[in-house]
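Spelled out from the first residue to the last, the chains are:
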Amino acid sequence: PATDAGSLVPAYITHKFCVAKKIIANKLYVRAMKTKRKKHISQNSADISKLIQIILHIINGLLAVAGIIIILTSTAVYGPGITTDSVHYLSAAENLSAGYGYIGYDGKPYVHWPPLFPSLMALLSLSGIEPYTAGRFINAFSFGGIIFLSGMLFHRRIKSFWLTISGTLAILLS
């Protein structure tokens, strides 16, 4: 059999080896191109998913601002409804900002309700805002935060754009 010059391997074997090398190289090239194409497609879907997430953040933020505006406008003329709990919160906030500590309107220690709300009202009253008005703003911004965080929770758990918006709207209008 014929051999290549300076080689002990027959020519037909080296020819088959070269053809096999080319076939393997072509298969690897095709596989690489498919992978590159898949990466490009998955990159586009990742970009679209990121865009949808940004749009949802913006919509949730707008719905939260709408909730804040609704609370502030609905309590602007007649104020929020006052219950006995509200009286305890307000008196504790006034006493706290005056330096008397957590004392209720009846002079007894404020121990039956959580201290955060009167503390926040007292903190805002140090800047010159009355505790009653501070309570309105705290409630409005808390409601806005609930709307925004509910929208984010819906998006994480539901994964549907329209159901997320619908759920967030339901929280806003509740």
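The coordinates are above.
Below or above, wherever it landed, is the structure these notes cover.

Calculation criteria
- Residues numbered from 1 in each chain as written.
- Predicted model: local features only at pLDDT ≥ 70, side-chain atom pairs only at ≥ 80, totals over all residues.
- Heavy atoms only, no water.
- Helix = DSSP H or I, 4+ residues; strand = E, 2+ residues; numbered from the N terminus.
- Contact = heavy atoms within 4.5 Å.
- Expected span 1.5 Å × (residues − 1).
- Buried < 20%, exposed > 50% of the residue type's maximum accessible area, 1.4 Å probe, protein only.
- 1 Å grid on protein atoms, 1.4 Å probe; cavity = no way out; pocket = protein on both sides within 12 Å on 5 of 7 lines; lining within 4 Å.
- Points joined across faces, edges and corners; volume = space filled by probe spheres on them.
- Nonpolar A, V, L, I, M, F, W, Y, C, P; charged D, E, K, R; others polar.
- Core = buried A, V, L, I, M, F, W, Y, C linked by side-chain atoms within 4.5 Å.
- Polar contact = N/O pair within 3.5 Å; in protein donor to acceptor, adjacent residues only side chain to side chain.

**Some words on the environment of leucine 72**
Reasoning step 1: Mapping leucine 72 onto the fold places it in helix 1 (residues 11-74).
Reasoning step 2: For the pair leucine 72 and asparagine 139, spaced 67 residues apart in sequence, the C-alpha separation works out to 8.9 Å.
Reasoning step 3: Once you skip the residues sitting within four places of it in the chain, leucine 72 turns out to touch Arg136, Phe137 and Ala140.

**Section: helix 2 (residues 84-98)**
Reasoning step 1: Here helix 2 is 15 residues long and its end C-alpha atoms lie 21 Å apart, about the 21 Å a rise of 1.5 Å per residue gives.
Reasoning step 2: Taken residue by residue, helix 2 has Ser86, His88, Tyr89, Leu90, Ser91, Ala92, Ala93 and Asn95 as its buried positions.
Reasoning step 3: For helix 2, the elements touching its buried residues are helix 3 (116-125) and helix 4 (131-158).

**Digging into the layout of surface pockets**
Rolled over the atoms, a probe sized like a water molecule indicates the empty space that remains.
Reasoning step 1: Its boundaries defined by the atoms lining it, the largest pocket holds a volume of some 230 Å³.
Reasoning step 2: Within the residue set of the lining of the largest pocket, elements represented by two or more residues are helix 2, helix 3 and helix 4.
Reasoning step 3: For the lining of the largest pocket, a count of residues per class yields 8 nonpolar, 5 polar and 1 charged.

**Some thoughts on the nonpolar core**
Reasoning step 1: Formed by Tyr89, Leu90, Ala92, Ala93, Tyr110, Met121, Ala134 and Ile138, the largest nonpolar core amounts to 8 residues.
Reasoning step 2: Contributions of two or more residues to this core are made by helix 2 and helix 4.
Reasoning step 3: The greatest single-element share of this core, amounting to 4 residues, is contributed by helix 2.
Reasoning step 4: Sequence-distant contacts of tyrosine 110, defined by excluding residues within four places in its chain, comprise His88, Tyr89, Ala92, Tyr102, Ile103, Gly104, Pro115 and Pro118.

**Some thoughts on the side chain of threonine 75**
Reasoning step 1: Positionally, threonine 75 belongs in the loop between helix 1 and helix 2.
Reasoning step 2: Among the polar contacts made by the side chain of threonine 75, one reaches the main-chain carbonyl oxygen of isoleucine 71 at a distance of 2.8 Å.
Reasoning step 3: Once residues within four sequence positions are removed from consideration, threonine 75 is found in contact with Pro80 and Arg136.

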